[in-house]
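So the chains spell out like this:
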Amino acid sequence: MSRYWSRFVHDLEPYVPGEQPKMARLVKLNTNENPFGPSPRALAAIEAANGDDLRLYPDPDASALKAAIGEYYGVPVDQVFVGNGSDEVLAHLFMGFFRQDKPILFPDITYSFYKVYCGLYGIEYQTQPLDDDFSIHLAAYPADNGGIIFPNPNAPTGRPLPLAEIEALLQRNTDSLVVVDEAYVDFGGESAIALVARYPNLLVTQTFSKSRSLAGLRIGFAVGQAPLIDGLERIKNSFNSYPLDRLAIAAGIAAMEDVAWFKQCVDAIVAERDALTAALTARGFEVLPSAANFVFARHAAHQGETLAAGLREQGVIVRHFKRPERIAAFLRITVGTPEQNRALLDALDTLL
Ligand code: PMP
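Residues numbered from 1 in each chain as written. Predicted model: local features only at pLDDT ≥ 70, side-chain atom pairs only at ≥ 80, totals over all residues. Heavy atoms only, no water.

### Here's the deal with a nonpolar patch on the surface
The grouping of M1, W5, F8, V9 and L120 at the surface amounts to a nonpolar patch, some 530 Å² of accessible area in total. Tracing the backbone shows M1 in the segment before α1 (7-11). Its relative accessible area of 77% is what places M1 among the exposed residues. (Patch = residues over 30% accessible without salt bridge, like charges linked within 9 Å, V, L, I, M, F, W, Y side chains within 5 Å. Areas by Shrake-Rupley, 256 points an atom, 1.4 Å probe, with all protein chains shown as cover. Salt bridge = Lys/Arg side-chain N within 4 Å of Asp/Glu carboxyl O. Helix = DSSP H or I, 4+ residues; strand = E, 2+ residues; numbered from the N terminus. Buried < 20%, exposed > 50% of the residue type's maximum accessible area, 1.4 Å probe, protein only.)

### A few points about the packing of aromatic side chains
Given two aromatic rings, one states the distance between the centres and the angle between the planes to describe the pair. This model, assessed by the stated rule, comprises 18 aromatic pairs. Aromatic pair Y72 and F262: ring centres 6.1 Å apart, planes at 85 degrees, arrangement edge-to-face. Remark: F262 occurs in helix α9 (residues 259-282) and Y72 occurs in helix α3 (residues 63-73); sequence separation between them is 190 residues. Take Y72: its relative accessible area is 30%, and that puts it in the partly exposed class. For F262, a relative accessible area of 8% corresponds to the buried category. Where F208 meets F221, the ring centres are 5.8 Å apart and the plane angle is 75 degrees; that geometry is what we call edge-to-face. Taken together, the positions of F208 in the loop between β7 (202-207) and β8 (220-224) and F221 in strand β8 put the pair 13 residues apart, joining distant regions of the chain. Here F208 and F221 have matching classes, each one buried. (Phe/Tyr/Trp six-rings, centres within 6.5 Å; stacked < 30°, edge-to-face > 60°.)

### With respect to the domain arrangement of the protein chain
Annotation of the protein chain at the domain level lists domain 1 (7-37 + 260-351) and domain 2 (40-257). Between the C-alpha centres of domain 1 and domain 2 there is a distance of 24 Å. Summed over both partners, the interface of domain 1 with domain 2 comes to about 2,500 Å²; 66% of that surface belongs to carbon and sulfur atoms. At the boundary of domain 1 with domain 2, the tally comes to 0 salt bridges. (Domains from an automatic or database assignment. Buried area = accessible area lost by both parts, 1.4 Å probe.)

### So, the site of the ligand
What surrounds the ligand is the set G85, S86, D87, Y111, A155, D181, A183, Y184, T207, S209, K210 and R218. Within the contact set of the ligand, an oxygen atom lies 2.6 Å away from a side-chain nitrogen or oxygen of T207. For the ligand, whose unbound accessible area comes to 400 Å², protein coverage reaches 91%. The element that contributes the greatest number of residues to the shell around the ligand is helix α4 (residues 85-97), accounting for 3 residues. When its residues are assigned to classes, the shell around the ligand shows 4 nonpolar, 4 polar and 4 charged. (Near = heavy atom within 4 Å. Polar contact = N/O pair within 3.5 Å; in protein donor to acceptor, adjacent residues only side chain to side chain. Nonpolar A, V, L, I, M, F, W, Y, C, P; charged D, E, K, R; others polar.)

### Side note on α9
For α9, which comprises 24 residues, the first-to-last C-alpha distance of 35 Å matches the rise-based estimate of 34 Å (1.5 Å per residue) to within 8%. Listed as buried for α9 are F262, C265, V266, I269, E272, R273, L276, A279 and L280. In this fold, the buried residues of α9 make contact with α3, β9 (285-287), β10 (294-299), β12 (330-334) and α11 (338-351). Just beyond α9, the residue with positive phi is G284, at close to 95 degrees. (Expected span 1.5 Å × (residues − 1). Contact = heavy atoms within 4.5 Å.)

### Focus on the side chain of S213
Locating S213 in the fold gives a position in the loop between β7 and β8. Assessed through its relative accessible area of 12%, S213 is described here as buried. If we ignore the near neighbours within four places in the chain, the residues touching S213 are N34, F36, G37, P38 and F208.

### Here's the deal with unusual backbone geometry
Across the junction of A155 and P156, the peptide omega takes the value 5 degrees, indicating a cis bond. Along the chain, the position of P156 falls in the loop between β5 (148-151) and α6 (163-172). The step from R323 to P324 runs through a cis peptide bond, and the omega angle for that step is -10 degrees. Among the secondary structure elements, P324 is positioned in the loop between β11 (316-318) and β12. Not every positive phi belongs to a glycine, and F134 is a case in point at roughly 70 degrees. On the secondary structure map, F134 appears in the loop between β4 (125-128) and β5. In this structure, S213 is a non-glycine residue whose phi angle is positive, near 55 degrees.

What follows is the structure, given as structure tokens:
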């Protein structure tokens, strides 16, 4: 605290990211990173870009990266926006599109950054309760709203929504923007990018941090019809001309093009997720059906907080949320390598 702070800074409630521990040799299953490395082609692209050209600013439009994303999804380049992680893309769209007269809507249990952006930009919101089985119930979202955002699959539950339910929402909700945050979609969800051509109020965000294993580089993007992308560009160009550096642009292109590496890593994670779900279930956990690279699980006889602390003592870190109350019993566990998942299960066996 400083007397030079404004009232505004004083009142902010910032997002608290998962811990990035300094100690080596922890089994780190707390922030949904990819346990497999980035594409070797992405690493080679960084090597190649790591030279004298770093004295020059990067392309402010990152057009070659947009082209690679457009190529992969079969969308024109003017339907692609890129930013410094999807968090930055989300921040821009909250600031630019969600400052409306009516409150925006999102699930009561979801990515906690949404509330933080509302606080930062003075946006009113109303949360919508998840169903008893922790799924998002779009049919109950009121028509009178200033915008709607939800992740698919949802975080931290991992539960996916069928594309048909998203399309039904788009058909009835035509007067406000609908944002689908697809940070985890590659691990088993159906992407709403397929609907972009038909719905001018749909914006889909994705990230290179999870399925493309580049959380450390910070690359995120949005796909939507050109007028929405133009709006995002106006905001970005009023904020930072160069959100993506030369290394990120080069590696992002290579990662997008290396489809074989991407598929191999995603398939391995999905297979591990299914094995981990079975192993946790056998140990008395209820595991929500996950289409993400993490599972959300609670034990009938042990508290989430106690389990997380006990795992930590054995060098395994997972994420536990004290709030809201309804999820306090759960652990969110990132799917790791077979060795990491084995270490988690061994540590659990000691605890249980
Ligand atoms: N959306 C969701 C649902 C997330 O869990 C995350 C990761 N914390 C993000 C967006 C942001 O990811 P990034 O900024 O790394 O692209």
